[in-house]
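These are the residues of each chain, in order.
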Amino acid sequence: MANFKDSPHFAIHDDYYTPKSAWANLAPILADRGPLRVWEACMLGAEKSKSPQYIKEAIPNVVGVHYDTKCDCMIQEQGPTDLIITNIPFSLELKKSILKRFIEIDRPFITLMNSCNLYSNYIRDIFGENIKHLQVIHPKGKINYDKLENGELKPTKNCSFYSVYLCYKLNLSPDKLWL
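What counts, and at which threshold
- Residues numbered from 1 in each chain as written.
- Predicted model: local features only at pLDDT ≥ 70, side-chain atom pairs only at ≥ 80, totals over all residues.
- Heavy atoms only, no water.
- Helix = DSSP H or I, 4+ residues; strand = E, 2+ residues; numbered from the N terminus.
- Rg over C-alpha atoms; globule rule 2.2 N^0.38 Å.
- Contact = heavy atoms within 4.5 Å.
- Lys, Arg positive; Asp, Glu negative; His and termini not counted.
- Charge placed at Lys NZ, Arg CZ, Asp CG, Glu CD.
- Phe/Tyr/Trp six-rings, centres within 6.5 Å; stacked < 30°, edge-to-face > 60°.
- Buried < 20%, exposed > 50% of the residue type's maximum accessible area, 1.4 Å probe, protein only.
- Lys NZ or Arg CZ within 6 Å of the ring centre and 35° of its normal.
- Polar contact = N/O pair within 3.5 Å; in protein donor to acceptor, adjacent residues only side chain to side chain.
- Arc of directions from axis to C-beta.
- Pairing = 2+ DSSP bridges.

Here we come to the overall build of the protein. From N to C terminus, the protein includes five helices and nine strands. Sequence-ordered secondary structure for the protein, helices as α and strands as β, is β-α-α-β-α-β-β-α-β-α-β-β-β-β. A compact globule built from 179 residues would reach a C-alpha radius of gyration of about 16 Å, and the protein, at 16 Å, matches this within 12%. In the protein, the share of contacts with a sequence separation of at least 24, taken over all contacts with a separation of at least 6, comes to 77%. If the 22 positive side-chain charges of the protein are averaged to one point and the 20 negative ones to another, these points end up 4 Å apart.

Another point: the packing of aromatic side chains. Scanning all chains against the criterion turns up six aromatic pairs. On the basis of an interplanar angle of 50 degrees and a centroid distance of 5.2 Å, the ring pair of Phe102 and Phe109 is categorised as tilted. For the pair Phe102 and Phe109, a shared accessibility class is recorded, and that class is buried. In textbook terms, an aromatic cluster arises when at least three aromatic residues are bridged by ring pairs, as seen for Phe102, Phe109, Phe127 and Tyr168. Seen from the ring of Phe90, Lys95 lies directly overhead, with NZ or CZ sitting 5.2 Å from the centre. The ring of Tyr162 is capped by Lys142, whose NZ or CZ atom sits 4.9 Å from the centre of that ring.

What follows covers the environment of Tyr122. If you trace the backbone, Tyr122 turns up in helix 5 (residues 121–127). Considering only alpha carbons, one finds Tyr122 and Ser163, 41 residues apart in sequence, at a separation of 18 Å. Looking at Tyr122, its side chain comes within polar contact range of the side chain of Asn117, at 2.3 Å.

Here we come to helix 3 (residues 51–58). What sets the pattern is the α-helix's 3.6 residues per turn: residues three or four places apart point alike. Turning to helix 3, its buried residues number three or more, namely Ser51, Pro52, Tyr54, Ile55 and Ala58. On an axial view of helix 3, the arc spanned by its buried residues comes to 165 degrees, and they lie on one face. Each element contacted by the buried residues of helix 3 is listed here: helix 1 (20–24), helix 2 (27–30), strand 2 (36–39), strand 3 (62–66), strand 4 (83–87) and strand 7 (146–149).

Bringing the sheet that holds strand 7 into the picture now. Pairing is antiparallel in the open sheet, where three strands are placed in the order 1-7-8. Here the strands that pair on one side only, and so sit at the sheet edges, are strand 1 (16–17) and strand 8 (152–155). One ladder, built from two bridges, connects strand 1 with strand 7; its direction is antiparallel. Looking at strand 7, one finds that Tyr17 is bridged to Asp146.

Counting buried residues in strand 9 (residues 163–168) gives six out of six residues, a clear majority hidden from the surface. Taking every second residue as pointing to the same face, both faces of strand 9 are buried, with Ser163, Tyr165 and Cys167 on one and Val164, Leu166 and Tyr168 on the other. Direction of pairing for strand 5 (residues 109–114) relative to strand 9: antiparallel, over a ladder of six bridges. The residue bridging Phe109 from the neighbouring strand is Tyr168, located in strand 9.

Set out below in structure tokens:
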């Protein structure tokens, strides 16, 4: 077993974006939902992100994706929408604040996140009695994100963590929870 103190130091790089394949995973999950208007809520400052375009292209029944790279989902909403689909920020404090805000909005959502978050105390604290409305979709294998380098998005390999889709108020059948 390794210790963090023994591992090499890596440069910190926070500009990672969701690949189209991650949103394509949701197409069979949402296929029976009819036309969907989606809010890609975590786009603040993400001018290079293609997430809204990828959602619309990858999920055939999405008829519109609302987003704004200047919209702070903590104080504004984009709508009217049926569902929030987003990749929540990796930063712990931002993640906690946004999840609390999504509960306040009380709209169904799917957010892509590191699977380790599921085992943290803050998930139970944030959702409280609403935890009964949570479901987790487990993709097959790892999702590798696109890295922004020199203004260009480049696919990566071997992500250091596994991702899951945390779902709220979607009432998915158990056969849709494992891709």
